[in-house]
Amino acid sequence: EPEVTQTPSHQVTQMGQEVILRCVPISNHLYFYWYRQILGQKVEFLVSFYNNEISEKSEIFDDQFSVERPDGSNFTLKIRSTKLEDSAMYFCASSEGLYFGTSNREQYFGPGTRLTVT
Amino acid sequence: SQQGEEDPQALSIQEGENATMNCSYKTSINNLQWYRQNSGRGLVHLILIRSNEREKHSGRLRVTLDTSKKSSSLLITASRAADTASYFCATVYGNNRLAFGKGNQVVVIP
């Protein structure tokens with residue numbers, strides 16, 4: 001069964017460093033998402049991406065964050081200058097479309113990348 | 001903003017028992033979804049219930065939706081040790097943007 005993959009599974013970085021988290025969405029999916037989960041807190045939406053541009057972003061997704069689809073398979077999240085509070089689990093997700101009839105399409109999540117900023 | 005909000009619960013049950021967890025939300029919805037997260041793993045979509053549905057089944061899962069009370073429940077029947085996980089409800093707003101609750105931890109004791 002197709003699945004979303006993410007690398008690395010765990011990333012440790014020093015404050016102020018740039019990190020790139022990588023995701024390979026399911027191949028025939030058109031919409032891509034990043035979410036994050038700070039330890040003990042809710043999963044929060046960061047950004048959605050379609051047709052090589054940001055579709056929607058949350059207030060968390062500030063200028064320190066960027067997303068890119070550098071080729072036909074990868075989807076990346078870059079944090080330019082990491083802060084301690086960026087430590088979290090980052091989940092990539094993809095969906096085939098937005099809607100199925102009148103209902104939203106299911107999103108398929110990857111296993112996550114645990115980012116630790118020291 | 002729409003938010004899925006589970007009743008903050010940590011359930012510990014014996015294998016074979018049923019587990020029920022609840023979720024409430026604040027605004028009108030198109031649909032509500034339930035996800036499972038095993039420890040340290042990603043989120044797995046379990047079931048989606050549309051706003052015009054009151055009940056939906058999928059295997060040992062039963063979801064109800066009461067739009068008048070803005071609440072939903074997830075029932076896992078005949079639980080198994082493999083059901084040990086955190087369970088989240090999520091509502092959708094914007095362009096398929098999921099808003100998750102804090103999750104319910106379920107521990108099934110063999």
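For the structure given in this document, a descriptive report is provided here. (Residues numbered from 1 in each chain as written. Chains lettered and ligands numbered in written order. Predicted model: local features only at pLDDT ≥ 70, side-chain atom pairs only at ≥ 80, totals over all residues. Heavy atoms only, no water.)

The next thing to look at is the overall build of chain B. Scanning chain B for helices and strands turns up zero helices and 11 strands. The N-to-C order of helical and strand elements in chain B reads β-β-β-β-β-β-β-β-β-β-β. For chain B, whose C-alpha radius of gyration is 13 Å, the value lies close to the compact-globule estimate of 13 Å for 110 residues. Principal-axis analysis of the C-alpha atoms places the extent of chain B at approximately 40 × 30 × 20 Å. Out of the 110 residues belonging to chain B, those deemed buried represent 47%. Considering only contacts within chain B whose residues lie at least 6 apart along the sequence, 53% involve residues at least 24 apart. Carbon and sulfur atoms make up 45% of the accessible area of chain B, which totals about 5,000 Å². (Helix = DSSP H or I, 4+ residues; strand = E, 2+ residues; numbered from the N terminus. Rg over C-alpha atoms; globule rule 2.2 N^0.38 Å. Buried < 20%, exposed > 50% of the residue type's maximum accessible area, 1.4 Å probe, protein only. Contact = heavy atoms within 4.5 Å. Areas by Shrake-Rupley, 256 points an atom, 1.4 Å probe, with all protein chains shown as cover.)

A few words now on the environment of Gly16 of chain B. Residues and elements named next belong to chain B. Of note, Gly16 is situated in the loop between strand S2 (10–14) and strand S3 (19–24). Separated by 60 residues in the primary sequence, Gly16 and Ile76 place their C-alpha atoms 9.8 Å from one another. In this view, Gly16 contacts Ala78 and Ser79; residues no more than four positions away in its chain are not counted.

Counting from both sides, the interface comprises 25 residues of chain B and, opposite them, 27 residues of chain A. Taking both partners together, chain B and chain A bury about 2,100 Å²; carbon and sulfur atoms supply 46% of that area. When residues of chain B are sorted by the area they lose upon contact with chain A, Asn95, Asn96 and Arg97 of chain B head the list and together hold 31% of the total. Taken together, the connections running from chain B to chain A amount to five residue pairs in polar contact (both at pLDDT 80 or more). Elements with a contribution of two residues or more to the side of chain B that touches chain A: strand S4 (31–37), strand S5 (43–50), strand S9 (85–93) and strand S10 (97–100) of chain B. Tallied by class, the residues present in the side of chain B that touches chain A amount to seven nonpolar, 13 polar and five charged. (Buried area = accessible area lost by both parts, 1.4 Å probe. Polar contact = N/O pair within 3.5 Å; in protein donor to acceptor, adjacent residues only side chain to side chain. Nonpolar A, V, L, I, M, F, W, Y, C, P; charged D, E, K, R; others polar.)

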